Amino acid sequence: MLCSKTHLFRMIRQGRVQKDKLLWKILSDGADFFAEEYDMAVAYLEGGSTYYVANHVNARKKVAFVHTDYNMAGYNRFLDSDCYRKIDHIFTVSDEVKSVFLNFYPECSNRISVFHNLVNRDRILQKSMDGNGFSDGYEGFRILTVGRLTVPKALDVSIRAMKRLKDHGVKAKWYVLGEGDQREFLENLISQLNLQEDFLLLGNQPNPYPYFKQADLYVHCSRYEGKSIAIQEAQILGCPILVSDCSGNRE
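Residues numbered from 1 in each chain as written. Predicted model: local features only at pLDDT ≥ 70, side-chain atom pairs only at ≥ 80, totals over all residues. Heavy atoms only, no water.

(A) Layout of the packing of aromatic side chains. Under the counting rule described, the total for this entry stands at 18 aromatic pairs. With a centroid separation of 5.0 Å and an interplanar angle of 65°, the aromatic rings of Tyr 70 and Phe 104 are classed as edge-to-face. With Tyr 70 in the loop between β2 (59–66) and α4 (77–80) and Phe 104 in helix α5 (residues 95–104), this pair connects stretches of sequence that are 34 residues apart. Seen from their ring centres, Tyr 209 and Phe 212 are 6.2 Å apart, and the 25° between their planes marks the pair as stacked. Here Tyr 209 pairs with Phe 212, and both are found in helix α9 (residues 209–214), just three residues apart, close to one helical turn. Take Tyr 209: its relative accessible area is 8%, and that puts it in the buried class. When its relative accessible area of 0% is taken as the criterion, Phe 212 is described as buried. Chaining the aromatic ring pairs together yields one cluster made of Tyr 70, Tyr 75, Tyr 84, Phe 101, Phe 104 and Tyr 105. (Phe/Tyr/Trp six-rings, centres within 6.5 Å; stacked < 30°, edge-to-face > 60°. Helix = DSSP H or I, 4+ residues; strand = E, 2+ residues; numbered from the N terminus. Buried < 20%, exposed > 50% of the residue type's maximum accessible area, 1.4 Å probe, protein only.)

Structural data, given as structure tokens:
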């Protein structure tokens, strides 16, 4: 708890309190420990799983994946307690993520590699032909975004962009597939800008691929990324794509 308080006070001084990262420390330290020794332990996400593997798992080899811009996501060595020094090999999802990470952990340069997202093209194409996709009967220009309703995905920017389009007389509807902790905030912003019929939050969909196939434009307006699988899926399904100029999207 003392460690968590130290991190909290530091975040307050920096003007950016990240509750999820504070909770990951507590969850990692409070999880079950196992006496067995494993051949390999893999931390597939940053934060809690990496803390757990680094500090609480007995394994001959430890591997960790980094899927995001380490700096923009708010990580640092103090927050992570230098956990990556205990990892035998680190995989990043893009060259840009690797470069940013090494700015923080230059001593890891000899044990880091790029491991791109695995995307099953044939499965995506097949699933795009299953299901119905859009069901509102709208026959105009459709804009699609797929992603969590979280701050990094910058859906507030997308909503304001839709407002500008409407004010300029553009006839279109913007659909978002996904859920997240920003839903209430985004719904309020949509209501404030009178976009209830123009910017639609459709929630999680078990098969998003028919929506990609039926969209006229795919937009990914994130503040930062590691390497977006949704963009790769849009490419596979032949969507025209507009993305923000940020880490991850550039690559």
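(B) Main features of the sheet that holds strand β9 (residues 241–243). With respect to topology, five strands assemble into an open sheet ordered β7-β6-β5-β8-β9, the strand pairing being parallel. Of all the strands in the sheet, just β7 (199–203) and β9 have a single pairing partner and so form its edges. Shown here is a sheet whose adjacent strand axes are inclined to one another by a mean of 25°, direction ignored. Here strand β8 (residues 217–220) runs beside β9; their pairing, made up of three bridges, is parallel. For Tyr 218, the partnering residue across the bridge sits in β9 and is Ile 241. Against the sheet, helix α7 (residues 155–167) makes contact with β5 (141–146), β6 (172–177) and β7, and its axis sits at roughly 170° relative to β6, the strand it touches most. In the packing of helix α10 (residues 229–236) onto the sheet, the strands contacted are β5, β8 and β9, and the crossing angle to β8 comes to about 165°. (Pairing = 2+ DSSP bridges. Axes fitted to C-alpha atoms, helices over the stretch in contact; angles between N-to-C directions. Contact = heavy atoms within 4.5 Å.)

(C) Just the nonpolar core, in detail. The biggest cluster of nonpolar side chains holds 27 residues, and the ones touching the most others in it are Tyr 70, Tyr 84, Ile 87, Ile 90 and Phe 101. Excluding residues within four positions of it along the chain, Ile 87 makes contact with Val 53, Ala 54, Lys 62, Val 63, Ala 64 and Arg 111. (Core = buried A, V, L, I, M, F, W, Y, C linked by side-chain atoms within 4.5 Å.)

(D) Structural context of the pattern of salt bridges. Enumeration according to the criterion identifies 15 salt bridges in this entry. Three or more residues are tied together by salt bridges with common partners; here these are Arg 77, Asp 82, Arg 85 and Glu 107. (Salt bridge = Lys/Arg side-chain N within 4 Å of Asp/Glu carboxyl O.)

(E) View of the pairing of β6. Burial runs high along β6: six of the six residues are buried. Side-chain alternation along β6 places Ala 172, Trp 174 and Val 176 on one buried face and Lys 173, Tyr 175 and Leu 177 on a second face that is also buried. Relative to β6, β5 runs parallel, the two being bridged by six bridges. Across the sheet, the residue bridging to Arg 142 is Lys 173, located in β6. Read as a crossover between parallel neighbours, the route from β5 over α7 to β6 is right-handed. Taken together, β6, helix α8 (residues 183–192) and β7 form a β-α-β motif whose crossover is right-handed. (Right-handed = clockwise from strand over helix to strand, strands pointing away.)

(F) View of the pairing of strand β3 (residues 89–92). Of the two faces of β3, only one is covered, namely that formed by Ile 90 and Thr 92; the face formed by His 89 and Phe 91 stays uncovered. Where β2 and β3 come together, four bridges link them in parallel fashion. In the sheet register, Ala 64 faces β3, and the bridge partner there is Ile 90. Note that β3 and strand β4 (residues 112–114) share three bridges and pair parallel. Its bridge partner lying in β4, Thr 92 is registered against Val 114. Remark: the β3/α5/β4 crossover connection has right-handed handedness.

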